[in-house]
Amino acid sequence: MTAEHEVVVVGAGFAGIAAALELEAAGIADVVILERAGDLGGTWRDNTYPGVACDVPAHLYTLARHPWPHWSREFAPGAEIQAYLRRVAASTGIDGRIRFDTALAEAHWDGDAWALQTTRGARRARMLILACGRLTEPSIPQVHGLAAFPGPVVHSARWDPTLAVAGTRIAVVGTGASGVQMVPELVRRGAAVTLFQRSAPWVLPRGGRTYTDAERHRFASRPDVLAALREELFQEGEARHASRAGDAAAAAAASDQALAHLRAHVTDPALRASLTPNYAFGCKRVLLSDDFYPAVASDAVTLEPSALARVDADTLVAASGRRHTVDAVVLATGFRATRQPYADLITGEDGISLDEHWATGMSSALSTIVSGFPNLFILNGPNASLGHNSSLLMLEEQAAYAARTIAARPTGAILRPDPVAEQAYTDMIVRRSRTTAWVTGGCRSWYVDERSGRLTLLWPGTVTEFRAQLRAADGTEFLREPATERSTTP
Ligand SMILES: Cc1cc2nc3c(=O)[nH]c(=O)nc-3n(C[C@H](O)[C@H](O)[C@H](O)COP(=O)(O)OP(=O)(O)OC[C@H]3O[C@@H](n4cnc5c(N)ncnc54)[C@H](O)[C@@H]3O)c2cc1C
């Protein structure tokens, strides 16, 4: 017998857990979560490289209804974030809904519900919520000779804890968020690092310190103090939006701050020039770090200011022609973000897959629903990422919208997203992003789909705007059901 459910959620990261919590709060009991791995946590389960941490303050990178007074520091390390999510899932009983080691392999709309094939058998779901993440599949550069490198080669999201670091010559490829967090920690652990940098990142000071016992005690005994801190952090995040979204004065002030940060830590003019970005502030994710520049300026790091071009046995050859002999290679090369792996698995009405529907890049209405895919919600998918504030604010809002919409649905009704609503939403994103640094800033970034040049991952507005649009949704984003129309006709 095929197991049948009112709602199946795919993925037990923050989005999947948030969705299950919201569904439960909305009174929907028949919910299971499918998780392909043996543990929950998504990003924070998979990314265990040295130095991994969140660059959003911990009290904001927390589910709204599950504050945690005991964060150890202002910016939490990855393992502490995973422990937090495990604690939330256990204390709410949501962990009992998770089916671990169960990957969604295929889903198609059968006219009435979603027919799912998983690695542990078939299931049927009236409603399907995809919470599969967006930074899950490592992007591995196709570099001639890399496969024959004689030492270890690891990707940052598949860290090997047995990798010897102290006294090892390690090439780190990439200066995105993971590379910038990892390099200072590898140096602290005694590695000699050669850092391959295709383009210099914009880096702002981070700050962040350990909370004292007294502070944590105060947060625990005074929920109002904690709530006020969260609100302050939220507003600080919202204020950062202008500098990323095309406000020239705000971008100039922020880039001046970043360049002053660089000057303060790097005195060698040639090294400083190599570390100066050659594209507009905000075009790619702006990074936060206090120890990256000091590490790169130290004797332990050699900056190679060009891409890895090929590998010649144990020697990495840069695009500049320089050669670097190393013992291990760490690929901090990010993720395949614009083409989501789950899109291939989902076939909607008319036999069209989500990947085919997104042939020129992801699109949606309200960043959450897609025409041709009834009774389906996608969290943290198209235009739902942020460069200025906590991702959790977005995915919790989407989870609440999905739960509200499912709960309000008349029994048996099918929610068919309106293609006109999807086109209007896509046009709005194009209009809003046309003149921003994300699109015109002169960089190559995962925010923008290479097939269309459209901004497909980032939400171009503030969180406040995103919340307002989802809370204002009144059902007109769905087509009217023919049955409903008939019943109103005398
Ligand atoms: C290194 C790193 C640092 C980050 N730092 C920040 C930060 O500082 N601030 C911030 O706001 N965001 C940050 N992010 C973004 C982060 O991904 C989000 O904040 C958030 O954790 C995403 O949660 P999620 O549940 O949407 O996705 P994920 O955490 O990726 O979870 C998705 C889950 O779905 C499962 N899954 C996928 N496909 C299937 C399938 N077919 N069947 C079953 N299960 C499946 C996966 O195994 C995974 O457990 C960072 C991301 C990375 C990679």
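Here the structure is a predicted model, which is why all the values come from computation and not from measurement.

*Asks:* Explain the overall build of the protein chain to me, please; I cannot follow it from the model alone.
*Replies:* Helix and strand counts for the protein chain come out as 15 helices and 18 strands. Taking 23 Å as the expected radius of gyration for a compact globule of 490 residues, we find that the protein chain reaches 23 Å, a close match to that expectation. Along the first, second and third principal axes, the C-alpha set of the protein chain runs to 80 × 55 × 45 Å. Sorting the 490 residues of the protein chain into buried and exposed places 53% on the buried side.

*Asks:* Which parts of the structure should I look at to understand the nonpolar core?
*Replies:* Nonpolar side chains in soluble globular proteins generally cluster together in the buried interior. With 100 residues, the main nonpolar core has F14, I17, I129, V172 and F377 as its most contacted residues. With nine residues, the single largest contributor to this core is helix α11 (residues 391-408). Every residue in contact with F377, bar those within four places of it in the chain, is listed here: M127, L128, I129, L130, T368, I369, Y401, A402, T405, I406, L415 and F478. One finds V8, W114, I346 and W358 within the second-largest nonpolar core, a separate group that totals 25 residues.

*Asks:* Sorry if this is basic, but what is going on with the site of the ligand here?
*Replies:* Close to the ligand lie 34 residues; E35, T43, D55, Y61 and S391 are nearest. Within the backbone of A15, a nitrogen or oxygen atom sits 2.9 Å from an oxygen atom of the ligand. Measuring from a nitrogen atom of the ligand, one finds a backbone N or O atom of L104 at 2.9 Å. Across the complex, the protein chains shield 95% of the 990 Å² of accessible surface that the ligand would expose by itself. Contributing elements (two or more residues each) for the shell around the ligand: α1 (14-25) and α2 (43-46). Counting residues per element, the shell around the ligand draws most heavily on α2, which supplies three residues. For the shell around the ligand, the per-class residue count stands at 17 nonpolar, 11 polar and six charged.

*Asks:* Quick question: what am I supposed to make of helix α3 (residues 78-92) here?
*Replies:* The periodicity of an α-helix, 3.6 residues per turn, causes residues three or four positions apart to be oriented the same way. In this model, α3 (15 residues) spans 22 Å end to end at C-alpha, consistent with the 21 Å of a helix rising 1.5 Å per residue. Among the residues of α3, those classed as buried are G78, I81, Q82, Y84, L85, V88 and A89. One side of α3 holds all its buried residues, which, seen down the axis, span an arc of 155 degrees. Residues of α3 that are exposed and point over 90 degrees away from its buried face: A79 and S91. On its buried side, α3 packs onto α1 and α2. One or two steps after α3, the chain reaches G93, where phi turns positive at roughly 80 degrees.

*Asks:* Hey, could you run me through the environment of A53 in this one?
*Replies:* Structurally, A53 can be placed in the loop between α2 and α3. A relative accessible area of 14% means that A53 is categorised as buried. Considered as a pair, A53 and D344 are 291 residues apart in the sequence and their alpha carbons are 31 Å apart.

*Asks:* Quick question: what am I supposed to make of the state of the cysteines here?
*Replies:* Here a disulfide denotes a covalent bond joining the sulfur atom of one cysteine to the sulfur atom of another. Using the criterion set out here, one finds one disulfide in the structure. Between the sulfur atoms of C283 and its disulfide partner C443 the distance amounts to 2.0 Å. The chirality of the disulfide connecting C283 with C443 is left-handed, given an S-S dihedral of about -90 degrees. Taken as a pair, C283 in the loop between α8 (269-274) and β11 (287-288) and C443 in the loop between α13 (437-440) and α14 (463-472) lie far apart in primary sequence, 160 residues in all. Owing to a relative accessible area of 0%, C283 belongs among the buried residues under this scheme. In this structure C443 comes out as partly exposed when scored by relative accessible area, which is 23%.

*Asks:* Just checking my understanding: could you explain the sheet that holds strand β15 (residues 323-325) for this structure?
*Replies:* Within a sheet, adjacent strands bond to each other through the backbone by hydrogen bonds, running parallel or antiparallel. Read from one edge to the other, the open sheet built from three strands follows the order β13-β14-β15, with strand pairing classed as antiparallel. Every other strand in the sheet has two partners, leaving β13 (308-312) and β15 as the edge strands with one partner each. For this sheet, the mean inter-axis angle between neighbouring strands, taken without regard to orientation, is 25 degrees. Where strand β14 (residues 315-318) lies against β15, three bridges are found, and the strand directions are antiparallel. Residue pairing for β15: L316 is matched across the bridge by H324.

*Asks:* Looking at this model, I keep getting lost on the sheet that holds strand β16 (residues 328-331). Mind explaining?
*Replies:* Pairing is parallel across the open sheet formed by five strands, whose spatial order is β7-β16-β8-β9-β12. Of all the strands in the sheet, the pair left with one neighbour each is β7 (153-155) and β12 (301-304). Here the average twist between neighbouring strands, direction ignored, is 20 degrees. Taken together, the three bridges between β7 and β16 define a ladder with parallel strand orientation.

*Asks:* Just checking my understanding: could you explain the packing of α1 against α3 for this structure?
*Replies:* Packed helices, taken two at a time, are described by their axes: the angle between them and the distance between them. At a minimum axis distance of 11 Å, the contact between α1 and α3 shows a crossing angle of 25 degrees. As summarised for this structure, α1 and α3 are arranged roughly parallel, according to the angle between their axes. In this structure, the crossing between α1 and α3 has a hand that is left-handed. Contacts between α1 and α3 involve F14, I17, L21 and E24 from the former and I81, Y84, L85, V88, A89 and T92 from the latter. For the contact of α1 with α3, the per-class residue count stands at eight nonpolar, one polar and one charged.

*Asks:* Before we go on, may I ask you to explain the pairing of strand β2 (residues 31-34) in this structure?
*Replies:* The side chains of a regular strand alternate, first on one face of the sheet and then on the other. Residues V31 and I33 of β2 are buried on one face, and the alternating residues V32 and L34, pointing to the opposite face, are buried as well. Of the strand pairs in this sheet, strand β1 (residues 3-10) and β2 are connected by four bridges, and their pairing is parallel. Among the inter-strand pairings, V10 is bridged to a residue of β2, identified as L34. Chirality of the crossover, the property in question, places the unit of β1, α1 and β2 among those that are right-handed. Two strands pair when backbone bridges link them, and β2 and strand β3 (residues 98-99) are joined in this way by two bridges, in the parallel orientation. Bridge pairing links I33 to I98 in β3.

*Asks:* Mind showing me how you'd approach the packing of aromatic side chains here?
*Replies:* Aromatic ring pairs are defined here through the distance separating the ring centres and the angle between the ring planes. Enumeration over the complete set of coordinates arrives at 13 aromatic pairs. Ring geometry for W44 against Y61: centres 5.7 Å apart, planes inclined by 80 degrees, an arrangement best described as edge-to-face. Separated by 17 residues along the polypeptide, W44 in helix α2 and Y61 in the loop between α2 and α3 bring together distant segments of the chain. Accessibility assignment for this pair places W44 and Y61 in one class, buried. Ring plane angle 65 degrees and centroid distance 5.3 Å describe the contact between W459 and F466, whose orientation is recorded as edge-to-face. Owing to a relative accessible area of 3%, W459 belongs among the buried residues under this scheme.

Rules of the game
- Residues numbered from 1 in each chain as written.
- Predicted model: local features only at pLDDT ≥ 70, side-chain atom pairs only at ≥ 80, totals over all residues.
- Heavy atoms only, no water.
- Helix = DSSP H or I, 4+ residues; strand = E, 2+ residues; numbered from the N terminus.
- Rg over C-alpha atoms; globule rule 2.2 N^0.38 Å.
- Buried < 20%, exposed > 50% of the residue type's maximum accessible area, 1.4 Å probe, protein only.
- Core = buried A, V, L, I, M, F, W, Y, C linked by side-chain atoms within 4.5 Å.
- Contact = heavy atoms within 4.5 Å.
- Near = heavy atom within 4 Å.
- Polar contact = N/O pair within 3.5 Å; in protein donor to acceptor, adjacent residues only side chain to side chain.
- Areas by Shrake-Rupley, 256 points an atom, 1.4 Å probe, with all protein chains shown as cover.
- Nonpolar A, V, L, I, M, F, W, Y, C, P; charged D, E, K, R; others polar.
- Expected span 1.5 Å × (residues − 1).
- Arc of directions from axis to C-beta.
- Disulfide = S-S within 2.5 Å.
- Pairing = 2+ DSSP bridges.
- Axes fitted to C-alpha atoms, helices over the stretch in contact; angles between N-to-C directions.
- Parallel < 35°, antiparallel > 145°, perpendicular 65-115°, else oblique.
- Left-handed = near helix turned anticlockwise from the far one by under 90°.
- Right-handed = clockwise from strand over helix to strand, strands pointing away.
- Phe/Tyr/Trp six-rings, centres within 6.5 Å; stacked < 30°, edge-to-face > 60°.

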